[in-house]
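Here's the letter readout for the chains.
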Amino acid sequence: MKPKVVHHDAIVAQLPAGHRFPMHKYLRLAEVLVEEGVVGPEGFVRPGEAPAEWLALVHDRAYVDAVLGLAVPRERQREIGFPVEATVMRRSRLSVGATVVAARIALEEGIACTTAGGSHHARKAGGAGFCVFNDVAVAARLLVSDGSVGQVLVIDCDVHQGDGTAEIFSGDDSVFTFSIHAERNYPALKVPGDLDVGLPDGTGDEAYLEALAEILPQLLDRVAPDIVFYNAGVDPHREDRLGRLSLTDEGLAERDRRVVGLVRERDIPLAGVIGGGYSTDLDALARRHAGLHRAAALG
């Protein structure tokens, strides 16, 4: 049986013309997964919108209410990077809902992925860096709070440090945050997580994969998580507009195979989210993101 993929077409919001965020990559990714047969004949699992009570597990309730009421202050919208209007609000709730659904499926079936997620810059007080709500943080805390799991590991391979996730779980021993990223990239001020690996500009496939090989096996053994959330951002690619690393398509695909393989050979449930990717070539970008789902199908 093919691993389940969680997707909703409304994950694509309306943005101003010419906006640099490649919003339509999510629909193209879904198309690629169908074209390649990664998604089985049963199709996608459709998520619902995350309720305010879930969102308030990690975000200030005043901020949650502001987003849901379409009343986010202008300065906060500037930090987020796009206007928080109705389609953005719904997309953000669906993205959280999708990650929660994927996590619950992973606990039952071993692995599941979404076609979105990885909004790791959203902090307790509010969103930033194209992130409105921190989907992985919400899902992790929800699973811990309802007793589904006792220990969570976040493996964040986006090119940007997962500062929001690190801030939310600072002092919370139930969630271990690991981020491997470009040290000189956004955010300028990093929030220390449980384990951060900042790589120099231009790091390529070999050095990147060696770093993961040195860290991940020991990390998995030491943390012994009940579930892993894997942020498989493809912005470490050498052609990404917002990255500073130099991975190739082959390097990213190998990264996904290794992360998924290492987690699944230990029989640890894995929920995968796609994270960042900012190429102007939507087809190439979607096919890079699909590496996560291909790896899941092998794992």
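In case you missed it, the structure is sitting above this.
Okay, so let's go over this structure. Just so it is clear, the model here is predicted, and its values are computed rather than measured.

A word on the overall build of the protein chain. In terms of helices and strands, the protein chain carries ten helices and seven strands. Its C-alpha atoms give the protein chain principal-axis dimensions of about 45 × 45 × 40 Å. Looking at the protein chain alone, contacts between residues at least 24 apart form 74% of all its contacts between residues at least 6 apart. Entry remark: accessible area of the protein chain is about 11,600 Å², with carbon and sulfur atoms responsible for 50%. Across the protein chain, the centroid of the 31 positively charged side chains sits 4 Å from that of the 43 negatively charged ones.

To continue, consider the side chain of Asp158. Turning to its location among the elements, Asp158 is positioned in the loop between β3 (152-156) and α7 (163-168). Buried and without a salt bridge, Asp158 has Lys25 as its closest oppositely charged side chain, separated by 7.4 Å. In this structure the side chain of Asp158 is engaged in a polar contact, spanning 2.7 Å, whose partner is the backbone nitrogen of Gly276. For Asp158, the residues in contact, after removing those within four places along its chain, are His120, Ile180, His181, Asn231, Gly233, Asp235, Pro236, Gly275 and Gly276.

Moving on, we come to the nonpolar core. Among the nonpolar cores identified, the biggest contains 94 residues, and Ile155, Phe178, Ile180, Phe229 and Tyr230 are the most heavily contacted of them. When residues in this core are grouped by element, the largest group, eight residues, is from helix α8 (residues 205-223). Core analysis: the second largest hydrophobic core is formed by five residues, Val6, Ala98, Ile105 and Ala112 among them.

Counting buried positions over the five residues of β3 gives five, a clear majority of the element. The pairing of β3 with strand β4 (residues 175-182) spans five bridges and is parallel. Counted as the bridge partner of Val152 is Val175 from β4. Chirality of the crossover, the property in question, places the unit of β3, α7 and β4 among those that are right-handed. Both β3 and strand β6 (residues 227-231) contribute to a ladder of five bridges, which runs parallel. Looking across to β6, one finds that Ile155 is bridged to Tyr230.

Conventions used here
- Residues numbered from 1 in each chain as written.
- Predicted model: local features only at pLDDT ≥ 70, side-chain atom pairs only at ≥ 80, totals over all residues.
- Heavy atoms only, no water.
- Helix = DSSP H or I, 4+ residues; strand = E, 2+ residues; numbered from the N terminus.
- Contact = heavy atoms within 4.5 Å.
- Areas by Shrake-Rupley, 256 points an atom, 1.4 Å probe, with all protein chains shown as cover.
- Lys, Arg positive; Asp, Glu negative; His and termini not counted.
- Charge placed at Lys NZ, Arg CZ, Asp CG, Glu CD.
- Buried < 20%, exposed > 50% of the residue type's maximum accessible area, 1.4 Å probe, protein only.
- Salt bridge = Lys/Arg side-chain N within 4 Å of Asp/Glu carboxyl O.
- Polar contact = N/O pair within 3.5 Å; in protein donor to acceptor, adjacent residues only side chain to side chain.
- Core = buried A, V, L, I, M, F, W, Y, C linked by side-chain atoms within 4.5 Å.
- Pairing = 2+ DSSP bridges.
- Right-handed = clockwise from strand over helix to strand, strands pointing away.

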